[in-house]
Structure formats: structure tokens, C-alpha cells
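# A structural walkthrough
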Amino acid sequence: MNMKQQPIGIFDSGIGGTSIWKEIHQLLPNENTIYLSDNKNAPYGQKSTQEIVDLSVKNTEFLIDKGAKIIVVACNTATTNAIQYLRNNYNIPFIGIEPAIRPASLKTKTGTVGILATKGTLNSALFEKTTSSLSDEITIIEQVGEGLVELIENGKIYSDEMTSLLKKYIDPMLEKKCDYIVLGCTHYPYLLPQIQEITGPDVQIIDSGEAVAKQVKNILSQQNLINESTAAPSNVFYINKEKAVLENMLKDYNQSKIDYLDF
Ligand code: DGL
């Protein structure tokens, strides 16, 4: 297999990063992909920076062993805490995902932007650096989405528990007149319809998934790594906990293969 046909490697603490995989697959349908879902260790958002770095190293080495030509850190928590370490230590291109607060801050009319993310992302030095570079006229309302990842991982996207947690997190943002809400965790795009129902149509909800897919395409083009083969692509998902919820998320993608792996 030549380098162009090697897979795009993607990892997340769990199944949330499939929201990024879907964007990548839509933009680059010809590419082979390997997705690693480290559910056994989810959520990363409550862990220390060192623990997040160690898990990100383990995931990266797994994907490199599988022949990845580029690695997408499909997790805001891992990106904001570990991508610098990964870039410094591995000779492979890394694409990360960070909360889209800069674009939101440029578009807001009320001057107040809400962000829902994990504790690990909101406490990271990278997030602090981004927020401190924004105009003084912008107010950022930070909210830790405690419990949301666990409910998604357990297949409880549509549940009373989820509805009440979302209301608890979103209502204060609306009271403070946020007109943009940034989803700073790759699990949260799966909650978009419910969040939009709480906010009503006047609040814009944004995430960085599409931008990440475009960046993957740019880097692959720049490095002459776009897969030009016309063979049907292979999309393999490795998971270290039960497969059922992931299977359900991928039910419209019947060419994908899900393998349980003890890692
Ligand atoms: N999907 C993740 C993120 O984007 C991680 C959530 C977690 O494991 O806490 O931050």
C-alpha cells in the first residue's frame, strides 16, 4: 500500500468523535479511516493534564502502529491538553479540535458568547490563551457540561436526565443574553436538536467539526497524501467497551466495521 492509501487515524475518549469522523467521511469519502474510541477511560474531561497526555500518547501509538498517515485528535479535551506534546514527540501531522469561540466572538451581536465544554478543556492553558486574546468587549460564559458525555456514552441522548441537565446549563446562558453558543466537546453535536429546542431559533449553536474536516483535506493536499485510489474505502472502528451505542450511531454507514479491542 502506498502512503496515500494509508488511513486517516482518528481518536477520541469515546464515541463523540464520530461527529468529526462523519464530517471527514463526507468531505473525503475516498479515504480509508481508522477510528479509536477509548470509552474505557472516558470521560477525559475530569482527568489531570498528565493523564490526558498519557492516554493521548497511547492512542497515537496505536494509530501509528496501524499505519495512520495523519492523526486527528477528535477530542477538544485531548487537543487542548496534549496536542503540543504529541506534535513535539511524533513525526506525523496532527489535526486537533478547539472550541470555536473566536469565530463566535466575531459574529455575536449581544457581545456575549456561551461555551459548553469539559472541565479539562475550560481549564487548559490553550483555552485560556485563546480567550485572553479576544476583544475585551466580548463576555464568555463558560459552563462545564458535567455528566453529558457519560449519558451519551450510555446511549441516553434522549432522556429526561439529559433534558434537565441541558436546561440547567443552557438557561443561564440565555438569561445572560448569549446569542452564540459554542459546543466545545465532540460529543455535543449529538445534542444539537435538543439544545436548539431550549434556545429557540435566534441563538446560533456552533461547533468546529466542518472546519476540522477542511483542515484535514488541506494538510493532506499540501503533503500530497490524498488517496487517489478508486477502491472502496475501509472504515474501521476500534472500541474498548460495548459496541451497541456506537453501532447505533453508525447505522447509516453500513460499510463501516466495528471491532472490540482490549486496549
Ligand atoms: N469528546 C471529548 C471532547 O471533545 C471528550 C469528552 C470527555 O471524555 O470528557 O472534549
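Residues numbered from 1 in each chain as written. Predicted model: local features only at pLDDT ≥ 70, side-chain atom pairs only at ≥ 80, totals over all residues. Heavy atoms only, no water.

The protein is annotated in an unreviewed UniProt entry as Glutamate racemase from Tenacibaculum caenipelagi. UniProt lists a comment for the protein under the heading Function (unreviewed entry), and it reads "Provides the (R)-glutamate required for cell wall biosynthesis." (UniProt positions renumbered as here; feature names shortened; annotations may be inferred.)

Quick look at helix H6 (residues 125-132) now. Listed in full, the buried residues belonging to H6 are Phe127, Thr130 and Thr131. Down the axis of H6, the smallest arc covering the buried residues is 95°, so these residues share one side. In H6, the exposed positions angled more than 90 degrees off the buried face are occupied by Ala125, Lys129 and Ser132. Along its buried surface, H6 packs onto helix H4 (101-107), strand E5 (112-117), helix H5 (119-122) and strand E6 (139-144). (Buried < 20%, exposed > 50% of the residue type's maximum accessible area, 1.4 Å probe, protein only. Helix = DSSP H or I, 4+ residues; strand = E, 2+ residues; numbered from the N terminus. Arc of directions from axis to C-beta. Contact = heavy atoms within 4.5 Å.)

Next up on the list: the UniProt feature "active site" (unreviewed entry) in the protein. UniProt feature "active site" (unreviewed entry): in the numbering of this structure it lies at Cys75 and Cys185. A maximum C-alpha distance of 6.6 Å is found for the annotated residues, which run over 111 residues; spatially they form one tight group. Considering the arrangement of structural elements, one finds Cys75 in the loop between strand E3 (70-73) and helix H3 (76-89). Take Cys185: it is sitting in the loop between strand E7 (180-184) and helix H9 (192-199). Apart from the residues within four sequence positions on either side, Cys185 is in contact with Asn76, Leu116, Thr118 and Val149.

A few words on the packing of helix H8 (residues 160-175) against H9. Two quantities define a packed helix pair, namely the angle between the axes and the distance from one axis to the other. Two elements in contact, H8 and H9, have axes whose closest approach is 10 Å; the angle formed by their N-to-C orientations is 50°. What the angle tells us is that H8 and H9 run oblique. For the pair H8 and H9, the sense of crossing is right-handed. In this structure, H8 uses Met162, Thr163, Leu166, Lys167, Ile170, Asp171 and Leu174 to contact H9, whose residues at the interface are Gln194, Ile195, Ile198 and Thr199. Across the contact of H8 with H9, the residue classes tally to six nonpolar, three polar and two charged. (Axes fitted to C-alpha atoms, helices over the stretch in contact; angles between N-to-C directions. Parallel < 35°, antiparallel > 145°, perpendicular 65-115°, else oblique. Left-handed = near helix turned anticlockwise from the far one by under 90°. Nonpolar A, V, L, I, M, F, W, Y, C, P; charged D, E, K, R; others polar.)

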